[in-house]
Amino acid sequence: MSSVSEPSNPSVEIRHRHGQGPVVLLCEHASHHIPACYQGLGLAPAHRRSHAAWDPGARGVAVSLCEWLDAPLVASRVSRLVYDCNRPPEAETAMPARVEVIDVPGNRGLDAAERAARVEAVYRPFCDAVTGVLADRRARAIPSVLITLHSFTPSFHGERREVEIGILHDADRRLADAMLAEAHRLSHRCIRRNDPYGPEDGVTHSLKLHGIGQGIANVMIEVRNDLLATPEDQQAIAEELCRLIHPALATLGVASSLGEGAPDA
């Protein structure tokens, strides 16, 4: 099975659209790319590649899971500083003027037309891609659960984060509960529920829109990005996550289709 991405909108990547496994993967913060029309948002080059602009390593983990779970993957091709696809258009944090200690000059003072243009250029194509993938699966009577992949910085506002893998959920906790029940399989990892973020932080938009809104079990996985420094690290973490995902799918009564080379549960 190949997970080569298909030609698609420049704002969104779709890989392995017709995967037969039960998981649909999202990676909203997969890229730090800022299209030329935004003139780098006025950011210093280092800030354009920092964790403020994307989730380092998350796409690499998502691509490995795409292959091993025989799962379609929808990933943003545009920096979350241009538009954060895990935020609704009305949220200030969809186009933040400041992230942690980083000012984003190109997001300061945006008027309604400028905000609407970014919604149409980045957010709508991403949402339409997810909707299309899920609709196609319903038409083929393939059951679906939704998993979104993210990474987070080891320290935030100067405070060290001990958690290594966060299992996040909103009102629908079915998949999160099933994965957390398997945490003993990764006894060497610090795994926590709704940490380092939770619903109160406004991070569950995709889960609510594409998961809960569609009656689909869903979860967000957050991995500390110092564990994802190299492609090899990203693959190793993807293998570890499979040890939680496969038995969790079985608990939910969803048959799992393993891609070629998938690690055993």
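Okay, so let's go over this structure.

Rules behind the numbers
- Residues numbered from 1 in each chain as written.
- Predicted model: local features only at pLDDT ≥ 70, side-chain atom pairs only at ≥ 80, totals over all residues.
- Heavy atoms only, no water.
- Helix = DSSP H or I, 4+ residues; strand = E, 2+ residues; numbered from the N terminus.
- Rg over C-alpha atoms; globule rule 2.2 N^0.38 Å.
- Buried < 20%, exposed > 50% of the residue type's maximum accessible area, 1.4 Å probe, protein only.
- Areas by Shrake-Rupley, 256 points an atom, 1.4 Å probe, with all protein chains shown as cover.
- Lys, Arg positive; Asp, Glu negative; His and termini not counted.
- Charge placed at Lys NZ, Arg CZ, Asp CG, Glu CD.
- Salt bridge = Lys/Arg side-chain N within 4 Å of Asp/Glu carboxyl O.
- Contact = heavy atoms within 4.5 Å.
- Axes fitted to C-alpha atoms, helices over the stretch in contact; angles between N-to-C directions.
- Parallel < 35°, antiparallel > 145°, perpendicular 65-115°, else oblique.
- Left-handed = near helix turned anticlockwise from the far one by under 90°.
- Nonpolar A, V, L, I, M, F, W, Y, C, P; charged D, E, K, R; others polar.
- Core = buried A, V, L, I, M, F, W, Y, C linked by side-chain atoms within 4.5 Å.
- Phe/Tyr/Trp six-rings, centres within 6.5 Å; stacked < 30°, edge-to-face > 60°.
- Bend = angle between axes of the 7 residues up to and from the residue.
- Polar contact = N/O pair within 3.5 Å; in protein donor to acceptor, adjacent residues only side chain to side chain.

### Brief notes about the overall build of the protein
Inference 1: Along the backbone of the protein there are six helices and twelve strands.
Inference 2: For 265 residues, the compact-globule estimate of 2.2 N^0.38 gives 18 Å, and the protein sits close to it at 17 Å.
Inference 3: Taken over the C-alpha atoms alone, the protein extends approximately 50 × 45 × 35 Å along its principal axes.
Inference 4: Counting every position in the protein, which comprises 265 residues, the buried fraction comes to 55%.
Inference 5: When the accessible surface of the protein is totalled, it reaches about 11000 Å², and 51% of it is carbon and sulfur.
Inference 6: For the protein, the distance from the average position of its 27 positive side-chain charges to the average position of its 34 negative side-chain charges is 1 Å.

### Re the pattern of salt bridges
Inference 1: This structure, assessed with the given rule, holds 17 salt bridges.
Inference 2: Residues Glu13 and Arg59 are paired through a salt bridge, measuring 2.9 Å at the closest nitrogen-oxygen approach. With Glu13 in strand β2 (residues 12–15) and Arg59 in helix α2 (residues 58–68), this pair connects stretches of sequence that are 46 residues apart.
Inference 3: Residues Asp226 and Arg224 are paired through a salt bridge, measuring 2.8 Å at the closest nitrogen-oxygen approach.
Inference 4: The exposure class assigned to Asp226 is partly exposed, which follows from its relative accessible area of 35%.
Inference 5: Beyond isolated ion pairs, a larger network of salt bridges with shared partners links Arg160, Glu164, Arg189, Arg224, Asp226 and Glu240.

### Let's talk about α2
Side chains of residues three or four places apart in an α-helix project in the same direction, reflecting 3.6 residues per turn.
Inference 1: Across the eleven residues of α2, eight count as buried, placing the element largely inside the fold.
Inference 2: Buried residues along α2 sit against β2, β3 (23–27), β4 (73–76), β7 (145–152) and α6 (231–251).
Inference 3: Looking at the residues trailing α2, positive phi occurs at Asp70, about 55 degrees.

### Looking at the packing of α2 against α6
Inference 1: As a packed pair, α2 and α6 sit with axes 8 Å apart at the nearest point and diverge in direction by 50 degrees. When the axes of α2 and α6 are compared, the pair comes out oblique. The handedness of the crossing between α2 and α6 is right-handed. Together, Gly60, Val61, Ser64, Leu65 and Trp68 of α2 and Gln234, Gln235, Ile237, Ala238, Glu239, Leu241, Cys242 and Ile245 of α6 make up the contact between the two elements.
Inference 2: Its residues placed into classes, the contact of α2 with α6 shows eight nonpolar, four polar and one charged.

### Some remarks on the nonpolar core
Inference 1: Counting 42 residues, the largest nonpolar core has Leu65, Ile221 and Leu241 as the members making the most contacts within it.
Inference 2: Elements with a contribution of two residues or more to this core: β3, α2, β4, β7, β10 (165–168), α4 (174–180), β12 (218–224) and α6.
Inference 3: In terms of residues, this core owes the most to one element, α6, which gives eight residues.
Inference 4: Here Leu65 is in contact with Leu25, Asp70, Leu149, Ala238, Leu241, Cys242 and Ile245, once residues within four sequence places are set aside.
Inference 5: Core analysis: the next-biggest nonpolar cluster, separate from the first, contains 33 residues, Val24, Ile34, Leu110 and Ile216 among them.

### With respect to the packing of aromatic side chains
Inference 1: One pass over the structure, following the stated rule, counts one aromatic pair.
Inference 2: Between Tyr83 and Tyr123 the ring centres are 5.1 Å apart and the planes differ by 40 degrees, which places this aromatic pair in the tilted class. Taken together, the positions of Tyr83 in the loop between β4 and β5 (98–99) and Tyr123 in helix α3 (residues 112–139) put the pair 40 residues apart, joining distant regions of the chain.
Inference 3: Tyr123 gets classed as buried once you look at its relative accessible area, which sits at 3%.

### Things to note about α3
Inference 1: The largest bend in α3 amounts to roughly 40 degrees and is located at Glu120.
Inference 2: The opening residue of α3 is Asp111, an N-cap whose side-chain oxygen sits 3.1 Å from the backbone nitrogen of Ala113.
Inference 3: One or two positions beyond α3, positive phi appears at Ala141, with a value near 55 degrees.

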